[in-house]
Amino acid sequence: MICSVAIAAAQNKDTKKADELYQRLAYTDAAEAYQKLIKKGKGDRYVFEQLGNSYYAINDTKKAESYYNRVMKGKKVKSETVYNYAQCLKANGKFSEYNTWMQDFAKMEPNDSRAVEFMKNPNYVPQIMEDYPRFEAKNLEDINTEYSEFGGIVVGKDFYFSSARNTKRKNYKWDDQPFLDIYKASLVGNTVKNAEILAGDVNTQFHEGTVAITPDGKRIYFDRNNYLNGKYKKDEEGINQINLYYSEWVDGGWKGVFPVPFNSDQYSTGHPALSANGNTLYFASDMPGGKGESDIYRVSIDSEGKFGTPEHLGDIINTEGKEVFPYIDGAGNLYFSSNGHIGIGGLDIFFAEAKGKGFSNPKNLGKGANSSDDDFAFIYDATAQSGYLSSNRSGGKGKDDIYQVRAIEPPCDVKINVIVLNEYTGDPVYGAMVQLFDTKENRLSTKSSAEDGTTDLLAACEQEHIVQAAMRGYESNGITVEANPSGEITKTIKLRPIVAIIVDDKIDLAPILFDYNKHNIKPQAAFELDKLVEVMNQFPKLKIKVESHSDSRGKADYNRDLSEKRAQATVQYVISKGIDPERISGQGFGEDKPVVNCGDNCTEEQHQKNRRSDFIIVER
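Only a predicted model underlies this, so the values are computations on that prediction, with no experimental measurement involved.

Some words on the overall build of the protein chain
- In terms of regular secondary structure, the protein chain is built from eleven helices and 39 strands.
- In terms of principal-axis extent, the alpha carbons of the protein chain reach across some 100 × 60 × 45 Å.
- Of all intrachain contacts in the protein chain linking residues separated by at least 6 positions in sequence, the fraction that spans at least 24 positions is 55%.
- Carbon and sulfur atoms provide 47% of the accessible area of the protein chain, an area that totals close to 28,600 Å².
- Positive and negative side-chain charges in the protein chain, numbering 77 and 90 respectively, have mean positions lying 4 Å apart.

A look at the sheet that holds strand β33 (residues 477-481)
- Sheet architecture is open: four strands sit in the order β29-β28-β31-β33, paired in antiparallel fashion. Both outer strands of the open sheet, β29 (443-448) and β33, are each paired with one neighbouring strand and no more. Going from strand to strand, the sheet's axes swing by 20° on average, the running direction of each strand aside.
- Note that strand β28 (residues 433-438) and strand β31 (residues 465-470) share six bridges and pair antiparallel. Bridged to Val434 within β31 is Ala469.

A short note on the pairing of strand β38 (residues 584-588)
- In the sheet, strand β37 (residues 543-549) pairs with β38 via five bridges, with the strands oriented parallel. Along β38, the bridge assignment pairs Lys545 with Ser585.

Brief notes about the packing of aromatic side chains
- Counted by the stated rule, this structure contains 34 aromatic pairs.
- With 6.3 Å between their ring centres and 25° between their planes, Phe48 and Tyr67 make a pair best called stacked. Highlighted residues: Phe48 in helix α3 (residues 45-57) and Tyr67 in helix α4 (residues 61-72), separated in sequence by 19 residues. This pair shows no difference in class: Phe48 is buried, exactly as Tyr67 is.
- With a centroid separation of 6.2 Å and an interplanar angle of 85°, the aromatic rings of Phe150 and Phe325 are classed as edge-to-face.

Remarks on empty space enclosed by the protein
- In total, this model carries three cavities of 30 Å³ or more according to the counting rule given.
- In terms of lining, the largest cavity is formed by Tyr83, Gln87, Lys90, Tyr98, Met102, Arg114, Asn339, Gly340, His341, Ile342 and Gly343.
- Listing elements by their share of the lining of the largest cavity, those giving two or more residues are α5 (79-91) and α6 (95-108).
- Considering every element that reaches the lining of the largest cavity, the biggest residue donor is α5, with three residues.
- For the lining of the largest cavity, a count of residues per class yields four nonpolar, five polar and two charged.
- Here the second largest cavity defines a volume of roughly 40 Å³.
- Only β31 and α9 (523-538) provide two or more residues apiece to the lining of the second largest cavity.

Description of the side chain of Arg393
- Considering the arrangement of structural elements, one finds Arg393 in the loop between β25 (386-391) and β26 (401-407).
- With a relative accessible area of 14%, Arg393 lands in the buried category.
- There is a polar contact of 3.0 Å between the side chain of Arg393 and the backbone oxygen of Ala369.
- Those residues in contact with Arg393, other than ones at most four positions away along the chain, are Ala137, Gly368, Ala369, Asn370, Ser371, Asp373, Asp375 and Tyr403.

Observations concerning unusual backbone geometry
- For Leu25, which is not a glycine, the phi torsion comes out positive at approximately 70°.
- Considering the arrangement of structural elements, one finds Leu25 in the loop between α1 (16-23) and α2 (27-39).
- Residue classification places Leu25 among the buried residues on the basis of a relative accessible area of 18%.
- Despite not being glycine, His271 has its phi angle at roughly 55°, a positive value.
- On the secondary structure map, His271 appears in strand β14 (residues 269-274).

With respect to the sheet that holds strand β9 (residues 219-225)
- Overall, antiparallel pairing links the four strands, which are arranged β8-β9-β12-β13 in an open sheet. A strand with exactly one partner marks an edge of an open sheet, and here the two such strands are β8 (208-213) and β13 (253-259). With strand direction ignored, the average angle separating the axes of adjacent strands in the sheet is 30°.
- As judged from the seven bridges shared by β9 and strand β12 (residues 242-250), these two strands associate in the antiparallel manner. Across the sheet, residue Asp223 finds its bridge partner in β12, namely Leu244.

Here's the deal with the environment of Glu141
- Secondary-structure assignment places Glu141 in the loop between β1 (135-139) and β2 (149-155).
- Sequence separation of Glu141 and Arg443 is 302 residues, and the distance between their C-alpha atoms is 39 Å.

Some details on the confidence of the model for the protein chain
- For the protein chain, per-residue confidence averages 90 on the pLDDT scale, and 97% of positions sit at 70 or higher.
- A low-confidence stretch, residues 1-9 stays under pLDDT 50, and its non-local contacts, those more than four residues away or across chains, total 36 contacts.

Some thoughts on the state of the cysteines
- Taken as a whole, this structure holds one disulfide when the rule is applied.
- The disulfide partner of Cys598 is Cys602, and the gap between their sulfur atoms is 1.6 Å. On the sign convention where negative is left-handed, the bridge of Cys598 and Cys602, at about 95° about the S-S bond, is right-handed.
- The exposure class of Cys602 is buried, given its relative accessible area of 15%.

Notes on the packing of α9 against helix α10 (residues 556-576)
- Look at α9 against α10: their axes get within 10 Å of each other, and the N-to-C directions meet at 55°. Put simply, α9 runs oblique to α10. Here the hand of the crossing between α9 and α10 comes out right-handed. Across from Ala526, Leu529, Asp530, Leu532, Val533 and Met536 in α9, the residues of α10 making contact are Thr570, Tyr573 and Val574.
- Residues of the contact of α9 with α10, tallied by class, amount to seven nonpolar, one polar and one charged.

Scoring rules and cut-offs
- Residues numbered from 1 in each chain as written.
- Predicted model: local features only at pLDDT ≥ 70, side-chain atom pairs only at ≥ 80, totals over all residues.
- Heavy atoms only, no water.
- Helix = DSSP H or I, 4+ residues; strand = E, 2+ residues; numbered from the N terminus.
- Contact = heavy atoms within 4.5 Å.
- Areas by Shrake-Rupley, 256 points an atom, 1.4 Å probe, with all protein chains shown as cover.
- Lys, Arg positive; Asp, Glu negative; His and termini not counted.
- Charge placed at Lys NZ, Arg CZ, Asp CG, Glu CD.
- Pairing = 2+ DSSP bridges.
- Axes fitted to C-alpha atoms, helices over the stretch in contact; angles between N-to-C directions.
- Phe/Tyr/Trp six-rings, centres within 6.5 Å; stacked < 30°, edge-to-face > 60°.
- Buried < 20%, exposed > 50% of the residue type's maximum accessible area, 1.4 Å probe, protein only.
- 1 Å grid on protein atoms, 1.4 Å probe; cavity = no way out; pocket = protein on both sides within 12 Å on 5 of 7 lines; lining within 4 Å.
- Points joined across faces, edges and corners; volume = space filled by probe spheres on them.
- Nonpolar A, V, L, I, M, F, W, Y, C, P; charged D, E, K, R; others polar.
- Polar contact = N/O pair within 3.5 Å; in protein donor to acceptor, adjacent residues only side chain to side chain.
- pLDDT = per-residue confidence, 0-100.
- Disulfide = S-S within 2.5 Å.
- Parallel < 35°, antiparallel > 145°, perpendicular 65-115°, else oblique.
- Left-handed = near helix turned anticlockwise from the far one by under 90°.

This is the structure:
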């Protein structure tokens, strides 16, 4: 996997050994060396940051978070360190803290595409987590081991992948696992079995990784350490890069190994993928002129196997982060992994539909395909609605495992696009809490409106729903959404500034309705009472008396007792929202003060109107 983590700029003689290991990408050994410095009392901000970077590079986000957290307490923290810390928090399920630090990153780097994308919808991660999973992933236990397996592709009945299981190889200092080899297994029914190391000239004592094979089966592309003809080459800083190679099928075996012409000792090229016709090779690289840590490119291949000039896929696909492991399906659509586009874990898998000579904006494949960890090397057959991915998600057998994925038939649902606006100005309301309820007042989901006042909710089709919006400084409001077939609909909720509901000596709320013979606060009542809380927060000197009333059914003494319970339940709800108990009181009046004086001949509607609470301003 192409990966790099920036080194901080405060080395000293104590950190020299650890820094050398770090610079050689021996992150596991580097972390141990930095840990020894801490035990000797030589831990400082630089050491903590290097430990965070080391653990981040090997995807130990819990340890990385711990050390980055110490760095965050200082001043002048580098923006990329803030970004890395935010990614660790996200991977560790701390979405609220992730949101906070991403906002800080956006302030530091407002023009960074990762910041721009985040600020378009800061609540995108919780939205992904609330959506239905579109894929289910099953561990290929027959070929996964305690070591790393990743990058599976299917050619006929053969399955090619990369594995670190060959313990005859030396261990790689990055992750302390054996160097990778390419293996070939067989598709047997619904699983993959009988893995054997790939015969021929492809594998060496160093890394061989991701594979792509031409449609005619005569050429295999793969990435490998910069090692050819017995020469192991390094860049100016002593780093051995990853390069792309190919081999030809001759006389029943893979013969010869040839470099692509755009390889270099100074940068990496890897993760090959071919278009369906074999005429275009896609790959990932950190070559000069790119946008981020690694970008996706493509290059044409003519009928004689000669290469054109690599073409950068542009800013729609590439970010300042990592874009890696491209895959092109039969329709020319692009799948790839990224930690620069917004996702729910480290590397997330994205889909970009073919659009002319380019691609549409990438879409996150959501839960199932993605996890809180790294998910990558996704291949997919849209016709069979199945494919494979690689991941280091929890519950696997090794460091990285290969999973079989299948599309899940989505439940019948409708996407409700909600726009929240200021009723008086028509301006969008940013940060409003938007909640979805069913008709039995069960809350189904909660999201926040983006800068343009929009959000979306996923609801079961053919069912009526209620959508409510609330925002500090505004009167809450709700709408009923009629039953709709699957698809999309758009609804607007207008919020009135809160001062508008103070009328004379009362707070003008919709009736706080109670069920017959009950005093508990229903969700709809809570929705109205939240408006009262907003008023009292906005006007801190305001004191309120809650007057609760019952209908005329039942005995008068019982009704006074019931209305007193309703008054106190209302008061306690308001206090539970942080209002000082000295500012609110309640009293029950039973049936003594009806709104509709209908005696013993009241309709059910008249009884419900009499079962109410009034909110009297006793002090401003």
